[in-house]
Amino acid sequence: MTDSTTRQPGAGAAQAVIGPAEPTERPRPNVRRIPPAVRIRKVGKHLLLIAFGALMIYPLLWMISSSFKPDALIFREPGLIPGEFTTDNYVHGWNALLHPFSHYLLNSTIVVAGAVLGNLASCALAAYAFARLNFKLRPLWFAIMLMSIMLPIHVIIVPQYVLFSELGWINTFLPLIVPKLLATDAFFVFLMVQFFRGIPKELDEAARIDGAGHPRIFFQIMLPLSTPALATTAIFTFIWTWNDFFSQLIFLTSPDRYTVPIALRTFLDSTGQSSWGAMFAMSIVSLIPLFIVFLLGQRYLVRGIATTGIK
């Protein structure tokens, strides 16, 4: 009786002679070699960018270095490494003025907080009106709003001063905060208008079918989708208001109301008795909030600028 699984003769010997099949080699990827000329050009571009970056950041590094030098060595030693290291400038600068420097930081915080909240509320409402509402002469009013961007502050500062003087607001924070509640910063209105126009109108129509009005659409649909534009407005308002010197110098006359930019100016004396080290030290202190706000909101800032105008 024969087995059904009988092997063919010679099959095992042939397999022993030939041996196991060798794995096929994978084809090597075609690596594109960069020509030496292109590589040298890229390295040259990077070195040029690094040189320009170092040139731009050098004043900041010099100010940081000067804040740790005695006043007599600040302009005598122009290098970045202090020949004599001291922290007295920070101690002296913090208590050199009529009030501790924290008092001026608090004043600037009050002005900045009011300006940021005012711009967020008023500019968002104005932008929603231009982007979603249909009213008479809307293109004309929008064009007038854009034309106001070209007006320098020096043109309107005198009428504003007369108006605020009649209202009794001079030497208060109201002239620096109340105009922000009236959507006077046309740049942020235009920024939000462009962002609102990029939001599909089908969302508004679906909300109206559900019985939602303009307030509900604005607060529950438009604002949650406009986080990048709102963050961009808040960051720019914070930076511009914190660094504003001209308006605050005009409307704030009492040392009790001084903000950080005006307080820094008081370290300089026209008679030559200027406290350069203390001024540089407090300048570094005043820059810390700006760096923190920019670092925390950098992601939203880039998204807000990149997506503005996309339809």
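Residues numbered from 1 in each chain as written. Predicted model: local features only at pLDDT ≥ 70, side-chain atom pairs only at ≥ 80, totals over all residues. Heavy atoms only, no water.

1. Thoughts on the pattern of salt bridges
- Tallied over the entire structure, the rule returns two salt bridges.
- Two residues, arginine 132 and aspartate 204, come together in a salt bridge whose shortest N-O distance is 2.4 Å. Here arginine 132 is found in helix 5 (residues 101-132), whereas its partner aspartate 204 is found in helix 10 (residues 202-209), with 72 residues between them in sequence. By the burial criterion, arginine 132 is buried, and aspartate 204 matches it.
- For lysine 180, the salt bridge identified is with aspartate 185, shortest N-O distance 3.1 Å. Residues lysine 180 and aspartate 185 agree in their burial class; the two are buried. (Salt bridge = Lys/Arg side-chain N within 4 Å of Asp/Glu carboxyl O. Helix = DSSP H or I, 4+ residues; strand = E, 2+ residues; numbered from the N terminus. Buried < 20%, exposed > 50% of the residue type's maximum accessible area, 1.4 Å probe, protein only.)

2. Overview of the packing of helix 11 (residues 214-225) against helix 12 (residues 227-243)
- Put simply, helix 11 and helix 12 touch, their axes get as near as 5 Å, and they point 70 degrees apart. Looking at the two axes, helix 11 sits roughly perpendicular to helix 12. Listed contacts from helix 12 to Leu223, Pro224 and Leu225 of helix 11 are Thr227, Pro228 and Leu230.
- Considering only residue class, the contact of helix 11 with helix 12 consists of five nonpolar, one polar and no charged. (Axes fitted to C-alpha atoms, helices over the stretch in contact; angles between N-to-C directions. Parallel < 35°, antiparallel > 145°, perpendicular 65-115°, else oblique. Contact = heavy atoms within 4.5 Å. Nonpolar A, V, L, I, M, F, W, Y, C, P; charged D, E, K, R; others polar.)

3. Some points on the side chain of lysine 69
- By the secondary structure assignment, lysine 69 is in the loop between helix 2 (36-66) and helix 3 (71-74).
- For the buried lysine 69, no salt bridge is present, and the opposite-charge side chain at shortest range is glutamate 77, 4.8 Å distant.
- Beyond its immediate chain neighbours, meaning those up to four positions away, lysine 69 contacts Ile74, Glu77, Pro78, Gly79, Ile81, Pro82, Glu84, Thr86 and Asn89. (Lys, Arg positive; Asp, Glu negative; His and termini not counted.)

4. A word on the confidence of the model for the protein chain
- Considering every residue of the protein chain, the mean pLDDT works out to 84; 85% of them sit at 70 or more.
- Counting contacts from residues 1-18, a segment whose pLDDT is below 50, to residues more than four positions away or on other chains yields zero contacts. (pLDDT = per-residue confidence, 0-100.)

5. Observations concerning the packing of helix 5 against helix 6 (residues 138-147)
- Put simply, helix 5 and helix 6 touch, their axes get as near as 10 Å, and they point 140 degrees apart. The angle between the axes of helix 5 and helix 6 places the two elements in the oblique class. Between helix 5 and helix 6 lies a crossing of left-handed hand. On helix 6, the residues touching Ala129, Phe130 and Ala131 of helix 5 are Arg138, Trp141, Phe142 and Met145. (Left-handed = near helix turned anticlockwise from the far one by under 90°.)

6. Quick word on a nonpolar patch on the surface
- Taken together, the side chains of Ile57, Tyr58, Leu61, Ile64, Leu80 and Ile81 make up a nonpolar region of the molecular surface, amounting to roughly 530 Å² of accessible area.
- Structurally, the position occupied by isoleucine 81 is in the loop between helix 3 and helix 4 (88-95). (Patch = residues over 30% accessible without salt bridge, like charges linked within 9 Å, V, L, I, M, F, W, Y side chains within 5 Å. Areas by Shrake-Rupley, 256 points an atom, 1.4 Å probe, with all protein chains shown as cover.)

7. A look at unusual backbone geometry
- Despite not being glycine, leucine 137 shows a phi value in the positive range, around 60 degrees.
- Structurally, leucine 137 is set in the loop between helix 5 and helix 6.
- Backbone geometry places asparagine 171, a non-glycine residue, at a positive phi of 65 degrees.
- Among the structural elements, asparagine 171 can be located in the loop between helix 7 (153-167) and helix 8 (174-177).

8. Side note on the nonpolar core
- Counting 34 residues, the largest nonpolar core has Phe101, Trp242, Phe267 and Met282 as its most contacted members.
- With eight residues, the top contributor of residues to this core is helix 15 (residues 276-307).
- Excluding residues that lie within four positions of it along the chain, tryptophan 242 makes contacts with Leu105, Ser108, Thr109, Val112, Val260, Pro261, Ser286, Pro289 and Leu290.
- Formed by 25 residues, the second largest nonpolar core is a distinct cluster that contains Val193, Ala207, Ile217 and Met222. (Core = buried A, V, L, I, M, F, W, Y, C linked by side-chain atoms within 4.5 Å.)

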